[in-house]
Amino acid sequence: MDGKSISPEFADELISVCRTIVGDELRSITYFTEDEVEQIYLRSDLDRTADLVGFADHERLGFRSQSAYRNTQLGEYQATVRMFENGFLTRVIYDRNGVWVTTDDISIDRFEEISTALKSVLGTATDTVRAA
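1. Overview of the layout of surface pockets
Here the idea is plain: a probe the size of a water molecule rolls over the atoms and shows the empty space left. Reported here for the largest pocket is a volume of approximately 420 Å³. Lining of the largest pocket is provided by 19 residues; of these, R27, S28, A50, F55 and T102 occupy positions nearest its centre. Going through the elements one at a time, β1 (26–32), β2 (37–42), α2 (52–59), β4 (87–94) and β5 (97–103) are the ones with two or more residues in the lining of the largest pocket. In terms of residue class, the lining of the largest pocket is built from 9 nonpolar, 7 polar and 3 charged. By volume, the second largest pocket is sized at about 240 Å³. Looking at the second largest pocket, it is lined by 14 residues, and the ones nearest its centre are Q66, S67, R70, E76 and Y77. At the level of elements, α3 (61–65) and β4 are the ones that each hand at least two residues to the lining of the second largest pocket. Residues that form the lining of the second largest pocket fall into these classes: 5 nonpolar, 4 polar and 5 charged.

In structure tokens form, the structure reads like this:
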């Protein structure tokens with residue numbers, strides 16, 4: 001990844017939203033599409049050892065699996081939250097764009113808040129690209 005898949009302004013907006021909602025519990029932010037993956041934030045006490053391509057391959061399944069939940073009584077897909085021994089991963093997809101955010105332990109309310117905010121940011125970015 002050459003680090004140029006998204007604009008610096010869009011990256012800054014994602015970071016600002018996540019830092020505002022999650023605070024110091026924010027571990028990382030990664031933007032992805034079907035073809036690209038770019039880590040735009042990594043907390044300074046963490047190593048760059050994650051297999052971003054491997055993570056992205058797994059999280060890209062969300063582009064296809066959203067349709068499996070369409071028209072169910074559960075309602076519209078919002079986000080996916082995964083629990084791990086040392087933290088949490090929240091994935092949000094809007095159209096053909098996705099973001100996953102890793103965090104330390106946070107409340108369920110903040111998972112909902114970050115998911116809603118990220119979906120809004122992704123939606124605005126997607127709509128802007130379509131209008132151009």
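There is more to say after this.
2. Focus on unusual backbone geometry
A positive phi angle, near 60°, is found at D95, a position not held by glycine. Given a relative accessible area of 32%, D95 falls into the partly exposed group.

3. Here's the deal with the environment of L122
Following the sequence through the fold, L122 ends up in helix α4 (residues 108–131). Here L122 falls in the buried class, since its relative accessible area comes to 1%. Here the alpha-carbon distance between L122 and D35, two residues 87 residues apart in the chain, equals 17 Å. Apart from residues no more than four positions distant in its own chain, L122 is found in contact with F10, Y31, V92, Y94, N97, G98 and V99.

The rules behind each value
- Residues numbered from 1 in each chain as written.
- Predicted model: local features only at pLDDT ≥ 70, side-chain atom pairs only at ≥ 80, totals over all residues.
- Heavy atoms only, no water.
- 1 Å grid on protein atoms, 1.4 Å probe; cavity = no way out; pocket = protein on both sides within 12 Å on 5 of 7 lines; lining within 4 Å.
- Points joined across faces, edges and corners; volume = space filled by probe spheres on them.
- Helix = DSSP H or I, 4+ residues; strand = E, 2+ residues; numbered from the N terminus.
- Nonpolar A, V, L, I, M, F, W, Y, C, P; charged D, E, K, R; others polar.
- Buried < 20%, exposed > 50% of the residue type's maximum accessible area, 1.4 Å probe, protein only.
- Contact = heavy atoms within 4.5 Å.

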